[in-house]
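Descriptive analysis of the structure
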Amino acid sequence: MELFGAKIEPACVYCANGTESADGQMIFCEKRGAVAPYYSCRRFEYDPLLRKPKPPAVLPEYDPEEFQL
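Residues numbered from 1 in each chain as written. Predicted model: local features only at pLDDT ≥ 70, side-chain atom pairs only at ≥ 80, totals over all residues. Heavy atoms only, no water.

**Considering a positive patch on the surface**
To keep things clear, this is the line we draw: Patch membership requires more than 30% relative accessible area and the absence of a salt bridge. Residues of like charge join within 9 Å; the nonpolar side chains Val, Leu, Ile, Met, Phe, Trp and Tyr join within 5 Å. All accessible areas in this document rest on Shrake-Rupley with a 1.4 Å probe, and a residue is counted as covered only by the protein chains that are shown. The rule for a salt bridge is simple: a side-chain nitrogen of Lys or Arg has to be within 4 Å of a carboxyl oxygen of Asp or Glu. Think of it this way: Lys and Arg go in the positive column, Asp and Glu in the negative one, and His and the chain ends go nowhere. In plain terms, the charge of a residue is placed at NZ if it is Lys, CZ if Arg, CG if Asp and CD if Glu. Runs of E in the DSSP output that reach at least two residues are strands. Runs of H or I that reach at least four are helices, and both are numbered from the N terminus. Burial classification: accessible surface area is computed with a 1.4 Å probe over protein chains only, and a residue below 20% of its type maximum counts as buried, one above 50% as exposed, and the rest as partly exposed.
A contiguous patch of positive charge, built from K31, R32, R42 and R43, is present on the exposed surface. Along the chain, R32 falls in the loop between β2 (27-29) and β3 (33-35). Residue R32 is classed as partly exposed on the basis of its relative accessible area, which comes to 46%.

Here you go:
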C-alpha cells in the first residue's frame, strides 16, 4: 500500500473486488453486493489503477505587459 502514500483509507471506490456502477453512485462488490463508494470491509484489496488523479491546477492568464522591462 505504499503507492500514492502510506496512509490510504480503505474505500470501495478503489478496491479490487468492486466495480463502479454506470451512474457512479454505487459500487458493485463481489463480496458484499451494492455498497456506497466510501464503504469498506475487511476484504478490502487496494488497486492503485482504480484511483482517479486530481484535476490539474488552473493557471492564471498573464498579461504580456507584465513581462516587459
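What follows picks up the thread again.
**Brief notes about the pattern of salt bridges**
Per the stated rule, a full pass over the model turns up one salt bridge. Between K52 and E20 there is a salt bridge, and its shortest N-O distance comes to 3.2 Å. Taken together, the residues K52 in the segment after β3 and E20 in strand β1 (residues 18-20) connect sequence positions 32 residues apart. K52 sits in the exposed class, given a relative accessible area of 63%. Its relative accessible area of 41% is what places E20 among the partly exposed residues.

**Some points on the side chain of N17**
Rule in force here: Within 3.5 Å is the distance limit for a polar contact, defined as a pair of N or O atoms, with the added protein rule that one can donate a hydrogen and the other accept it, and that residues adjacent in sequence qualify only through two side-chain atoms.
Position of N17 among the secondary structure elements: in the segment before β1. With a relative accessible area of 7%, N17 lands in the buried category. Only 2.9 Å separates the side chain of N17 from the backbone oxygen of R43, close enough to count as a polar contact.

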